[in-house]
Amino acid sequence: MERKIVNKLIAWKNSPRRKPLILTGARQVGKTYSALTFGKEHYRNTVYFSLEDSREVQAVFDRDLKPERIIRELAAQSGQSIFPGETLVIFDEVQACERALTSLKYFCENAPEYHIIAAGSLLGVAMNREKYSFPVGKVDMLTLYPLDFEEFLTATGNAPLGGLIKESYSDFSPLSLHDKAMDLYKTYLAVGGMPQAVLEYVNTQDFNFVLAAQKTINDAYIADMAKYASPQETTKIMAAWASIPAQLAKENRKFQYKVIKSGARAYEYETPLDWLKFAGVIHKCVRVTEGKIPLTAYADNDSFKVYMMDTGLLCSKFGIAANVILNNAPVFDGFKGALAENYICQSLSSNGFTPFYWSSPGKAELDFVFQDSRGNIIPLEGKSADNVKSKSLRLFMSLYKPDYAVRVSAKNFGCENGIKSIPLYALFCLMP
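Residues numbered from 1 in each chain as written. Predicted model: local features only at pLDDT ≥ 70, side-chain atom pairs only at ≥ 80, totals over all residues. Heavy atoms only, no water.

Caption draft 1: Highlighting the overall build of the chain. Counting its secondary structure elements, the chain contains 17 helices and 13 strands. Against the globule reference of 22 Å for 432 residues, the chain gives a C-alpha radius of gyration of 22 Å, in line with a compact fold. Considering the chain as a whole, with its 432 residues, one finds that 55% of them fall into the buried category. A sequence separation of at least 24 residues applies to 69% of the contacts in the chain between residues at least 6 apart. For the chain, the accessible area works out to roughly 18900 Å², and carbon and sulfur atoms hold 50% of it. Measuring between centres, the 50 positive side-chain charges of the chain sit 4 Å from its 46 negative side-chain charges. (Helix = DSSP H or I, 4+ residues; strand = E, 2+ residues; numbered from the N terminus. Rg over C-alpha atoms; globule rule 2.2 N^0.38 Å. Buried < 20%, exposed > 50% of the residue type's maximum accessible area, 1.4 Å probe, protein only. Contact = heavy atoms within 4.5 Å. Areas by Shrake-Rupley, 256 points an atom, 1.4 Å probe, with all protein chains shown as cover. Lys, Arg positive; Asp, Glu negative; His and termini not counted. Charge placed at Lys NZ, Arg CZ, Asp CG, Glu CD.)

Here's what the structure looks like:
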């Protein structure tokens, strides 16, 4: 399964300023697979260690943190030679061993010739909970997300369509295969981008197998909550996690604690929500009061929306059958907009943007606002269908005069009055 992160890994390998790399992301997004595949294709050999499963490997870091000694003992442990610059060393589930994480600082300073990737699914949780000493400034960082729509097209044998979408995006000319692309987009909503779910779809074309894979992943996240949190914390984390579909089903999707349970207060559930965010299973989209640079200066952290990191897991969690999405069943109309919003948020996040939403003191509310690499503030209005009227977008544009605005919908490519019309399936083209 081809992943675009490989291009970033190659750039990391070839960088003269390369540091040990920490590869983060939620469980089962493909971190280990991507690292191992990269090692196999671009190194003389790869030496892999799971720090979660082996006390013997953890013990290597107990004595001291001298890189040369650690390398010698790891080579003996694995039965393989570790060649400077030619061997990829992988520390998997690095959050299970704090001293292994700390050792990356010394590899950076004293042994930069060794190529090391440390992967961690719950690193953010462990650091927040155990107050780990993070090697600030001594590591490179990459985050892996579920497959985006372009990667999904490649996995399902539709890579040429991805190329055509990019061509249309380059000059905003209509895509002739628009209907086919929209059909595949609907399939992606139901399957999502978790590698195991995509693999089941590719191999079986049976959504029952896809659903079983999705439920297994959701269950694994619940097991993590019990494993990496106290019983009292676990109860609250699970309650917050369970409320997300209901939060999105509301017409106003601003997160409300009372949806978790009657009488719930922010102070009770801020930490559980942070746990879910650090674990990588949710995206938190905070409100901004102004469309000005920098957006973070105008963030209202008490007002936010929460989206799941994957639409397929959301559909599984909500019990939305694939045929309902694929056939545009009328019973789905009430949640179609929320699912499209979730898809847009996860697409923006995986593309490297930090999405916010904007609302005025009146009733105007804009789905997403983000800042690109050139400092431009870009408003984005999302629509699940081809009805693209939006008073909020026009109000934002009149107030803040952005260079351009983005409207994401079921309509084909186009550009008019400073608004770029991007089909839902083409969001992967929008880069910082």
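Caption draft 2: A look at the environment of Arg 3. Relative to the elements of secondary structure, Arg 3 occurs in the segment before helix 1 (5-14). Accessibility expressed as a relative area gives 9% for Arg 3, which makes it buried. In this structure, the C-alpha to C-alpha distance between Arg 3 and Tyr 145, residues 142 residues apart in sequence, is 10.0 Å. With near-sequence residues (within four places) excluded, Arg 3 lies in contact with Val 29, Ser 34, Leu 144, Tyr 145, Pro 146, Leu 147, Glu 151 and Pro 195. At 3.1 Å, the side chain of Arg 3 forms a polar contact with the side chain of Glu 151. (Polar contact = N/O pair within 3.5 Å; in protein donor to acceptor, adjacent residues only side chain to side chain.)

Caption draft 3: Spotlight on the sheet that holds strand 12 (residues 414-416). Here 8 strands make up an open sheet; going across it, the order is 7-6-8-9-10-11-13-12 and the pairing mixed. With one partner strand each, in any of the chains shown, strand 7 (299-308) and strand 12 form the two edges of the open sheet. Shown here is a sheet whose adjacent strand axes are inclined to one another by a mean of 30°, direction ignored. In terms of strand pairing, strand 12 meets strand 13 (residues 419-423) through 3 bridges, oriented antiparallel. Residue pairing across strands places Gly 414 opposite Ser 421, the latter belonging to strand 13. Strands strand 6 (282-288) and strand 7 of the sheet are contacted by helix 13 (residues 266-278), whose axis makes an angle of about 120° with strand 6. (Pairing = 2+ DSSP bridges. Axes fitted to C-alpha atoms, helices over the stretch in contact; angles between N-to-C directions.)

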